Amino acid sequence: MVASTDITVTRAEKSKLKETNFDKLIFGRYFTDHMLEADFENGEWKNIEIKPFQPLVMSPALAALHYGQSIFEGIKAYRDKAGNAFIFRPQDNFRRFNISADRMQMPQVPEYIFMEGMRQLVELDKNWIPDKEDYSLYIRPVMFASDEVIGVKPSDSYKFLILLSPTGPYYSAPMRIYVEEKYTRAAPGGVGFSKTAGNYAAALKASAVAKEQGYDQVLWTDAFEHKYVQEIGTMNVFFIIDNVAITPGLGEATILEGVTRDSAITLLKEMGLKVEERPLSIDEVIEADKKGTLKEVFGTGTAATISMIKELKYKNHVIYFDTDKWIIAPELKRQMTDIREGRAVDKFGWMWKV
Ligand SMILES: Cc1ncc(COP(=O)(O)O)c(C=O)c1O
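The rules behind the values
- Residues numbered from 1 in each chain as written.
- Predicted model: local features only at pLDDT ≥ 70, side-chain atom pairs only at ≥ 80, totals over all residues.
- Heavy atoms only, no water.
- Axes fitted to C-alpha atoms, helices over the stretch in contact; angles between N-to-C directions.
- Helix = DSSP H or I, 4+ residues; strand = E, 2+ residues; numbered from the N terminus.
- Parallel < 35°, antiparallel > 145°, perpendicular 65-115°, else oblique.
- Left-handed = near helix turned anticlockwise from the far one by under 90°.
- Contact = heavy atoms within 4.5 Å.
- Nonpolar A, V, L, I, M, F, W, Y, C, P; charged D, E, K, R; others polar.
- Phe/Tyr/Trp six-rings, centres within 6.5 Å; stacked < 30°, edge-to-face > 60°.
- Buried < 20%, exposed > 50% of the residue type's maximum accessible area, 1.4 Å probe, protein only.
- Lys NZ or Arg CZ within 6 Å of the ring centre and 35° of its normal.
- Near = heavy atom within 4 Å.
- Polar contact = N/O pair within 3.5 Å; in protein donor to acceptor, adjacent residues only side chain to side chain.
- Areas by Shrake-Rupley, 256 points an atom, 1.4 Å probe, with all protein chains shown as cover.
- 1 Å grid on protein atoms, 1.4 Å probe; cavity = no way out; pocket = protein on both sides within 12 Å on 5 of 7 lines; lining within 4 Å.
- Sits in = over half its atoms within 2 Å of the grid points.
- Salt bridge = Lys/Arg side-chain N within 4 Å of Asp/Glu carboxyl O.

Asker: Please explain the packing of helix α5 (residues 259-270) against helix α7 (residues 328-340) as it appears in this structure.
Answerer: To characterise two packed helices, one gives the angle between the axes of the helices and the distance between these axes. At a minimum axis separation of 10 Å, α5 and α7 run at an interaxial angle of 110°. The angle between α5 and α7 places the two elements in the roughly perpendicular class. Considering how the two elements wind past one another, α5 and α7 form a crossing that is right-handed. Seen from α5, the contacting residues are Thr-260, Ser-263, Ala-264, Leu-267 and Leu-268; seen from α7, they are Ile-328, Leu-332, Gln-335, Met-336 and Ile-339. Here the residues of the contact of α5 with α7 sort into seven nonpolar, three polar and no charged.

Asker: Please clarify how the packing of aromatic side chains should be interpreted in this entry.
Answerer: Here a ring pair, both rings aromatic, is described through the centre-centre distance and the interplanar angle of the planes. One pass over the full model with this rule turns up 16 aromatic pairs. When the ring of Phe-88 is compared with that of Trp-350, the centres are 5.8 Å apart and the planes differ by 75°; the resulting orientation is edge-to-face. With Phe-88 in strand β6 (residues 85-88) and Trp-350 in the loop between α7 and β18 (351-353), this pair connects stretches of sequence that are 262 residues apart. Trp-350 shares its class with Phe-88; the two are buried. Ring geometry for Phe-94 against Phe-114: centres 5.2 Å apart, planes inclined by 50°, an arrangement best described as tilted. Of this pair, Phe-94 sits in helix α2 (residues 90-103) while Phe-114 is found in helix α3 (residues 111-124), placing the two residues 20 residues apart along the sequence. On the basis of relative accessible area, Phe-94 is assigned to the buried category, the value being 11%. Grouped by ring-pair contacts, the aromatic residues Phe-40, Trp-45, Phe-94, Phe-97, Phe-114, Tyr-158 and Phe-160 constitute a single cluster. Its end group placed over the ring of Tyr-215, Arg-176 keeps NZ or CZ at 4.4 Å from the ring centre.

Asker: It is not clear to me how the site of the ligand should be interpreted in this structure. Could you clarify?
Answerer: By nearness alone, 15 residues border the ligand, and Lys-195, Tyr-200, Glu-231, Thr-260 and Thr-302 come closest of all. Within the side chain of Tyr-200, a nitrogen or oxygen atom sits 2.6 Å from an oxygen atom of the ligand. One nitrogen or oxygen atom from the main chain of Val-259 is found 2.8 Å from an oxygen atom belonging to the ligand. Its free accessible area being 390 Å², the ligand has 95% of it covered by the protein chains. With respect to the detected pockets, the ligand is housed in the largest pocket. Put simply, the parts of the chain that give the shell around the ligand at least two residues each are β12 (235-241), α5 and β15 (294-301). Looking at the shell around the ligand, its residues break down into four nonpolar, seven polar and four charged.

Asker: Before we go on, may I ask you to explain the pattern of salt bridges in this structure?
Answerer: Throughout the structure, instances matching the rule amount to 28 salt bridges. Glu-341 is paired through a salt bridge with Arg-343; the nearest N and O atoms lie 3.1 Å apart. Connected via shared salt-bridge partners are Glu-37, Asp-39, Glu-49, Lys-51 and Lys-159.

The following block contains the structure:
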């Protein structure tokens, strides 16, 4: 265990807060005054620093640039009326971060650096947490290989950073999506469950093709038959069939274990729905549509919380939804947002006080 004094803090001389227009916050574009930085060298973590947000100086031979040993997380912080900062379920992101690290042959980040470092950083920059409805402070932990050597092997050194970015309301209009039958996001034995940079680069082509055709995203399917559903873009997916919420299970390790997914499962059960985590084929979805039992389809993720699907296309079969008439997804979104923004009782202990 590292002592708390091992995080050195250097404050920015001047805050950028007043120059930042909080009415025009583009996601991921603005950063707070400080960041956390730590190095893994010779088998141990060192140089744990909170310091003014600044560029990194790196060698062109940086291992992460060439071979993609890089992982990250996405978390959100909120501020209550009394000015206290809270972070939504960060322990789950911490756990997931180290699962990603293990898969990518990277060192584990100690809880102290991840959680206590994040706590001190958010506390220092808590005036950057917008206190308006639907606004939050996005927290981005990231770790990458920092050896300055070209060669395919696990790096010996790594850099861990935490950045903070104030974000505005994430308006997500109901989406048009199609079932992806050409490109593959993940296969058993691969890295689909890991939040590693390459997963996102590999998905860009399919998203671009979808956009060219007027769609917002793709519904990823399994690598072998393109038959079993996985995720929508960078969100987990739920189908409401009759009064049952069905979401792909985690058994094959091809999808990211979303924190919002887990929160949705808890709240849906509270709302009286049966929740099934299991393989779901697109044939079963189409069959339910034909029978009239397919009620709602939505994605879950930290950025948008819940994103409704208004159109789902599979081959020649197109399903249109009148999302204005939906009951479950809007209620789920309301409950989740109320907990995060302090309007509802946090009975599951999801809000972690900074
Ligand atoms: C591929 C992928 N799936 C699902 C999710 C949703 O996960 P979470 O609810 O933890 O944000 C994300 C976003 O982080 C993602 O990138």
